[in-house]
Amino acid sequence: MRKGFLLIVFISSSFLAAAQTGSISGTITDAKTNEALIGANVIIKGTQIGAATDIDGKYTISGVKPGTYSVVLSFVTYKADTINNVTVESGKTVTVSTAMNEEAKELDEVVVQGQRDRTLESTLLLDRKNSVEMVQGIGAQELSRKGVSDAEGAVVQITGVTKQEGVRNVFVRGLGDRYNSTSLNGLPLPSEDPEFKNISLELFSSDIISSIDVNKTFNAEMFGDVAGANINIKTKKLLDDQELKVSASVGVNSLTVGQDFYRADGTNFLGTASREIPITDLGQYTFDNSFQPVQVTSPLLNSSFGISGGKSFIIGNRPLRTFVVASMNSEYFFKEGAARQVTPTGGIRQDFEYDKSEYNASQLAMGNFVYDFGQNNSVSYNIIYIHDNTQTVGNYTGFSLNGNDDIADPNAYKTFVRRQQQNSNTVLVNQVLSEIQLSERLDLNLGGSFNLASGNEPDRRTNFFIFNGDDNIINSGSSAYNHRFFSFLKERDIAGRALLSYKLTGKEDSNSKITFGYNYRLTHRDFEATQFNFNFFLGEVVQLNDTDGLFNQQSIDNAVFELQTARGTGSNAFVPFTYSGDRGIHAGFINAVYDFSDALTVNVGVRAEIFSQEVVWDTNLSNGSQKRDKTYFLPSLNVKYSLSEKDILRLASSQTYTFAQFKELAPFFYEDVNQSSFGNPKIIPAENFNIDLRYEHYFSDIELVALTGFYKMIKNPINRGMVTSAANEFSYVNSTSGAADIFGAELEFRKTIFTATKNDKSTTLDFGVNLSYLYSIQKLEDVTTDDLAFEPTNSESSLEGASPWLVNSDITMTREGANGRKSKATLLFNYNTTSIYSLGTGGPGGNLDINDRLVPKLDFIYSLDLNNHFSLGLRFKNLLNPHFKQTKEVITLAGVRREEIISDYQKGITTSLGVTYKF
């Protein structure tokens, strides 16, 4: 990584020579109507330097060397205009605005070279208005205003999208990770985590995001394994001739102040970790790292640094636009809370108070290279490298027991558990995309990607000690109580697409076209894990501040403990537990759009998708394989009817499917302190049917109100369920052989409350709110298609992760002065009600549902642009500092139904101060 950052710095140094430059900006309007002209070209005469106007008719050409120029303005069907004697001075912005007149004669050919800026809220809202499909988007401008730092934080601002605490990915309309899909610039992404189907959205920093589209309805050009939404991240690219920006921030989390903070031995600030297993002989104690955690003595300050920039070069009279980003972040968190296991009747099997030190380090680098050739033709290459490392040290103190019903039992014992863990994930994305105009009506879109992902958990360390009244002694009841665990995941993903579109008319503003397309995707995953257990023959005394005094070579030599793997000590002891997964998709589709009138547009598509998935495993539970092949024919319909210029009615309907992800199929037993999970290889695919009806009213280019009603039917739905056993073990099941029904309504509202101007100073107050109501119901049963004893406790239930109410609201005050100073203050509020984490099992009298309790969240974001170059930002995140609670419903022996808390913690208030300088 050091070499990578030096390379970025070296590249960026080429821009420093242009730091002493000025800018040209202004507004282009229609001379008769005074309306803004969108996409007008503004070029400095005799150069390739220029810009295109945005939705407000505004443009900016930055990085212009001091001097006197002529500026040429052009737009389709308008008379070209030239403004002479435009003087640019270093560090200043000169304003060139004009009103253009329409040209009476027909133009034979006009080439528009401007780039639409999809980072702007106004541009995305215009795209949404013009789109035939139901798409909601959020861009970099809105992310900055709301203080959003990554893609996950972005999508939860969208109506009907929420984040379940403890789960890395989002829920859309009550549907979680397995029902959603993630893509980058329209091409699919692999997963870096064995627990999930989709890549973690937290990995994608806002530094690389131009915009994110959330498509909650299906169309034929999308992969069919989706029921909730496809989340498509669009990366930034160079819009001006050149740019350079540097940013840095520092902050602190309130719960880390004054705490003794620890990291596992062998970890470091950057989060780099070795993937090698150091043991090759069970008789030799050759572990690299200590069992004793390391106290962090440096200030626990969160920090970030980023640099981004680009430059346009002329090659063969055509522009090559380059844009690079590099950033690094570090964050400290400290959690204090409770972790418990509860019996169906309310007895407490395990009751821990814990503190957890958590440190996250991430680095990101991106390069985007776009070459325009010919007329309206381009080819681009994107490369992204992401490294994300999370380190935790958790100390759990309390009571637990083996085989008894309640810690009130006199056999309950005081327990100390320490779990030290490191998760190191990397993603490498390579994409080649092209857009080729074969003729005035025929377009060809080709794209391909080769992606690599890894998710490693090297040297997880767990200790389990018992306090006998005088000393802490080793819990020798099972050799697995004290262990070291190594797991490694590699995933390779190859995808390609080809789209041939034919416009049915020659009208510029017509939507009518037919598209023929083909998609291909091949994914291969390898996962392996080795666990080393310490088999103590007696309950040896251990010192908490010197665990290595017992865990060492001398103890092996003196037969204090025997080192063994989870496979024992025989000839196959070092054979890891493994599973591998292969997924292949071939799809062909036809997608037709037709304007029946100026008001009515209909989009009909059909997709034929051949899906193949195979999982092979040899794990701590069993060995075997499971393969499924299926062909789907997936129809889709989108109807757009414009009631007026500002009022639109939309209808969408489609059919899709959902396959269980690799981890949900592989029977690998993954163990945490308070719960464990394993896969179910006989889960059958779900089939999904969807219908949406939406009304939209656009007050202006940044204001709207939208009301949506929707219905989904999911046949053979897949849910997480608690296994019928004494421990907190979870697996995945088809919760019914019938169908789950989901009904919902969504309201979205954006409005400028007021705008006031006085003495060349303006003040604007904007308000936005979106809320979602969701009702889901499924009749529960123990299906016969798998071998897992589900035995639901309730006869019916809502879906896992489905919060009935979701609310996102923001209010922003913007103040702008004539001197270029601009400030924004935003207050954000998020709220989601209780949802099911896991369905209850065990039949009547068994385990009831486990629920994630409602969580309110409040953030305050302030930014101040001192001038065209220098800006400051202040963020207060999680101001309410709520308790994140997980509860389990129980029925006491007296027949009283109540909820017991099984998890409870806070995340603290995070404060940060940032600075950005644009050259």
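Residues numbered from 1 in each chain as written. Predicted model: local features only at pLDDT ≥ 70, side-chain atom pairs only at ≥ 80, totals over all residues. Heavy atoms only, no water.

Caption draft 1: The nonpolar core, seen in detail. The biggest cluster of nonpolar side chains holds 34 residues, and the ones touching the most others in it are V155, V170, F204, I208, I212 and I233. Broken down by secondary-structure element, the contributors of at least two residues to this core are helix 4 (151-155), strand 11 (170-172), strand 14 (209-215), strand 15 (230-235), strand 20 (318-342), strand 21 (348-373), strand 22 (377-400) and strand 23 (413-437). With near-sequence residues (within four places) excluded, I212 lies in contact with Q136, G137, I138, A151, A154, V155, I231, N232 and I233. (Core = buried A, V, L, I, M, F, W, Y, C linked by side-chain atoms within 4.5 Å. Buried < 20%, exposed > 50% of the residue type's maximum accessible area, 1.4 Å probe, protein only. Helix = DSSP H or I, 4+ residues; strand = E, 2+ residues; numbered from the N terminus. Contact = heavy atoms within 4.5 Å.)

Caption draft 2: Geometry of the packing of aromatic side chains. Within this structure, the stated rule accounts for 39 aromatic pairs. With a centroid separation of 6.0 Å and 35° between ring planes, the pair formed by F269 and Y359 is classed as tilted. Of this pair, F269 sits in the loop between strand 17 (262-263) and strand 18 (294-295) while Y359 is found in strand 21, placing the two residues 90 residues apart along the sequence. Take F269: its relative accessible area is 39%, and that puts it in the partly exposed class. When the centroid spacing of 5.7 Å and the interplanar angle of 65° are considered together, the rings of F291 and F534 count as edge-to-face. Taken together, the positions of F291 in the loop between strand 17 and strand 18 and F534 in strand 27 (residues 513-536) put the pair 243 residues apart, joining distant regions of the chain. (Phe/Tyr/Trp six-rings, centres within 6.5 Å; stacked < 30°, edge-to-face > 60°.)

Caption draft 3: Highlighting the side chain of N770. Considering the arrangement of structural elements, one finds N770 in strand 40 (residues 761-779). Its relative accessible area of 8% is what places N770 among the buried residues. At a separation of 3.0 Å, a polar atom in the side chain of N770 contacts the main-chain carbonyl oxygen of Q157. In contact with N770, other than residues within four places in its own chain, are Q157, I158, T159, L747, E748, L806, V807 and N808. (Polar contact = N/O pair within 3.5 Å; in protein donor to acceptor, adjacent residues only side chain to side chain.)

Caption draft 4: Looking closely at the sheet that holds strand 6 (residues 81-88). One open sheet accounts for four strands, arranged 3-2-5-6; its pairing is antiparallel. Every other strand in the sheet has two partners, leaving strand 3 (50-52) and strand 6 as the edge strands with one partner each. Along the sheet, successive strands turn relative to each other by an average axial angle of 20°, direction set aside. Here strand 5 (residues 67-74) runs beside strand 6; their pairing, made up of six bridges, is antiparallel. Among the inter-strand pairings, Y69 is bridged to a residue of strand 6, identified as V86. (Pairing = 2+ DSSP bridges. Axes fitted to C-alpha atoms, helices over the stretch in contact; angles between N-to-C directions.)

Caption draft 5: Up close: empty space enclosed by the protein. Applying the stated rule across the entire model yields ten cavities of 30 Å³ or more. Roughly 130 Å³ of internal volume is contained in the largest cavity. If you go around the largest cavity, you meet 17 residues; those closest to its centre are V226, A227, T656, N690 and K712. At the level of elements, strand 32 (647-658), strand 35 (686-700) and strand 36 (703-715) are the ones that each hand at least two residues to the lining of the largest cavity. Looking at side-chain class alone, the lining of the largest cavity contains eight nonpolar, seven polar and two charged residues. If you add up the space inside the second largest cavity, you get close to 90 Å³. Lining the second largest cavity are 13 residues, and of these Q613, Q626, R628, F659 and L665 lie nearest its centre. Listing elements by their share of the lining of the second largest cavity, those giving two or more residues are strand 30 (600-618) and strand 31 (623-642). Considered class by class, the residues forming the lining of the second largest cavity number eight nonpolar, two polar and three charged. (1 Å grid on protein atoms, 1.4 Å probe; cavity = no way out; pocket = protein on both sides within 12 Å on 5 of 7 lines; lining within 4 Å. Points joined across faces, edges and corners; volume = space filled by probe spheres on them. Nonpolar A, V, L, I, M, F, W, Y, C, P; charged D, E, K, R; others polar.)

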